[in-house]
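Read off the chains here:
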Amino acid sequence: MAKKNIFYAQSGGVTAVINASACGVIETARKHKDKFGKIYAGRNGIIGALTEDLIDTGKDSASAIAALRYTPSGAFGSCRYKLKGLQENKAEYERLIEVFKAHDIGYFFYNGGGDSQDTAHKVSQIGQTLGYPIVAIGVPKTVDNDLPITDNCPGFGSVAKYVAVSIREAAFDVASMAKTSTKVFVLEVMGRHAGWIAAAGGLAAEKEGDAPHIILFPEVTFDETKFLAKVKHSVDNYGYCALVVSEGVKNAQGQFLAEAGTRDAFGHAQLGGVAPFIAQLIKDKLGYKYHWAVADYLQRAARHIASKTDVEQAYALGKAAVELALKGENAVMPIIIRKSNKPYKWTIGKTELSNVANVERKMPAEYISADGFGITEKCREYLSPLIQGEDYPKYKNGLPQYVTLKNVAVPKKLSATFTMK
Ligand code: F6P
């Protein structure tokens, strides 16, 4: 059988290590020249397939591809684009087939979170419903750590490390100033509906009185009275209060405390701005001077402080995705299976795409302390291995050296263009 070409793409919010997965996919596929043809990447995820905007990764050298392992963000561009159901928009699927046929694509690797695994799942169904044979494999990624079944998600360990390090450092600062100036510091972190990233801040606290003194989770309804009493207790007892607040915190009516008012293609609200809200509330009700920060893209782009464990897992999952295809698997996603906590041991398994598409895994109740403002020992045991190790990029002139690929376009073969709805 003639060798088929590969389509690889990145989708959803990017991370410090999604390029390490790309590196794993491309380096592994390059080792199997007897099995695979060209390795193409979609420019901006699935949009690259729909608009026939493919990148020939073969134009980049082995050293450029190797440097992806150390480079944050999505080297080929990402997207938030939802494929509709087959019945709702058959034209979109016909277009995908047209592009895949024109470029002889037989393998589809899609690197993303829950929404993106839904796309991978839908593409895998093209084979059955529209008779175009394609092997579709998901590659997990999301800083939110909310994919089910896999022990954790690449991208998360590095954000977790960034947040734990940042709240520890900022807490040292505010502790120094607290006597005559700032008494409260609020760090807002990502995570949308799941509190995993906020929980990771809790790793910074090792003994009574350590920061963060309060964590606000999306899983726990915000109770203003209880919250303010806890802030006051912290300032009275430790001299200051350092908080980690998830962007997804909701009030008793189920509304986000801070919603920017815009939505993405999947209908997700754009979040951000809960830190100033919380800081102002504290100032108004308790009178403490504050500082706040929104970690925002800094947290998920912070490759300089990435977790070594996370980088290794991201690479291993990219590699495993290609190996699954070689074994004849289809419509699956490689996952991380935890073998033990101490010492931390993990291996790679797999699950059906249908099990992960659109499913969100939130923090279990047993990971949140009884008062709702901290993490339990069990949670610490789960999180701690994921932030272990450092994997610094090379530095030059005091700055990390990151790669920008050539991203040479594959010549178009189709005359028709496609307008996305
Ligand atoms: O999906 C991952 C994530 O980083 C969320 O934590 C965050 O709410 C969202 O992406 C932000 O998305 P965007 O970069 O599209 O605004």
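Just above sits the structure.
What you are looking at is a predicted structure, and each value in this text was computed from that prediction instead of being measured.

**Some points on the packing of helix α4 (residues 90-102) against helix α5 (residues 114-129)**
And step 1. Taken N-terminus to C-terminus, the directions of α4 and α5 make an angle of 75°; their axes are 11 Å apart at the nearest point. With respect to their mutual orientation, α4 and α5 come out roughly perpendicular. Taking contact as the criterion, the partners of Y93, L96, I97 and F100 in α4 are, on α5, K122, V123 and I126.
And step 2. Its residues placed into classes, the contact of α4 with α5 shows six nonpolar, no polar and one charged.

**Concerning α4**
And step 1. In a regular helix each residue adds 1.5 Å, so 13 residues correspond to 18 Å; α4 covers 18 Å between its end C-alpha atoms and thus fits that length.
And step 2. On its buried face, α4 sits against β1 (4-10), α2 (46-50), β4 (105-112) and α5.
And step 3. Within two residues after α4, D104 carries a phi angle of roughly 55°, on the positive side.

**Quick notes on the site of the ligand**
And step 1. Taken together, R80, V143, D144, M190, G191, R192, E247, Y297 and R300 make up all the residues around the ligand.
And step 2. In the environment of the ligand, an oxygen atom lies 3.3 Å from a nitrogen or oxygen atom belonging to the backbone of G191.
And step 3. In isolation the ligand exposes 400 Å². Once the protein is present, 83% of that is buried.
And step 4. When the residues that make up the shell around the ligand are grouped by side-chain class, the tally is three nonpolar, one polar and five charged.

**With respect to helix α9 (residues 274-286)**
And step 1. Compared with the 18 Å implied by 1.5 Å per residue over 13 residues, the 18 Å span of α9 between its first and last C-alpha is a close match.
And step 2. Residues V274, A275, I278, A279, L281 and I282 constitute the buried set of α9. On an axial view of α9, the arc spanned by its buried residues comes to 155°, and they lie on one face.
And step 3. After α9 finishes, the residue G287 shows a positive phi value of roughly 80°.

**Observations regarding the packing of aromatic side chains**
And step 1. Counted according to the given criterion, the structure contains eleven aromatic pairs.
And step 2. On the numbers, 5.2 Å between centres and 55° between planes, the contact of F222 with F227 is tilted. Of the two residues examined, F222 and F227, each falls in the buried class.
And step 3. An aromatic cluster is built from F7, F100, F108, Y110 and Y132, whose rings are joined through pairwise contacts.
And step 4. The ring centre of Y315 lies 4.9 Å from the NZ or CZ of R69, which sits over that ring.

**So, the sheet that holds strand β8 (residues 241-246)**
And step 1. Across the sheet, four strands lie side by side as β7-β8-β6-β11; this open sheet has parallel pairing. Every interior strand has two partners, whereas the edge strands, β7 (214-216) and β11 (290-294), have only one. Here the average twist between neighbouring strands, direction ignored, is 15°.
And step 2. Note: β7 against β8, three bridges, orientation parallel. By the bridge assignment for β8, I214 is matched with L243.

**Observations concerning the nonpolar core**
And step 1. Among the nonpolar cores identified, the biggest contains 43 residues, and F156, V163, I197, F217, M363 and L383 are the most heavily contacted of them.
And step 2. Sort the elements by how many residues they give to this core and helix α6 (residues 156-177) lands first, with ten residues.
And step 3. Once residues lying within four places of it in the same chain are set aside, the contact partners of M363 are G195, W196, A199, F217, E219, I368 and C379.

Conventions adopted
- Residues numbered from 1 in each chain as written.
- Predicted model: local features only at pLDDT ≥ 70, side-chain atom pairs only at ≥ 80, totals over all residues.
- Heavy atoms only, no water.
- Axes fitted to C-alpha atoms, helices over the stretch in contact; angles between N-to-C directions.
- Helix = DSSP H or I, 4+ residues; strand = E, 2+ residues; numbered from the N terminus.
- Parallel < 35°, antiparallel > 145°, perpendicular 65-115°, else oblique.
- Contact = heavy atoms within 4.5 Å.
- Nonpolar A, V, L, I, M, F, W, Y, C, P; charged D, E, K, R; others polar.
- Expected span 1.5 Å × (residues − 1).
- Near = heavy atom within 4 Å.
- Polar contact = N/O pair within 3.5 Å; in protein donor to acceptor, adjacent residues only side chain to side chain.
- Areas by Shrake-Rupley, 256 points an atom, 1.4 Å probe, with all protein chains shown as cover.
- Buried < 20%, exposed > 50% of the residue type's maximum accessible area, 1.4 Å probe, protein only.
- Arc of directions from axis to C-beta.
- Phe/Tyr/Trp six-rings, centres within 6.5 Å; stacked < 30°, edge-to-face > 60°.
- Lys NZ or Arg CZ within 6 Å of the ring centre and 35° of its normal.
- Pairing = 2+ DSSP bridges.
- Core = buried A, V, L, I, M, F, W, Y, C linked by side-chain atoms within 4.5 Å.

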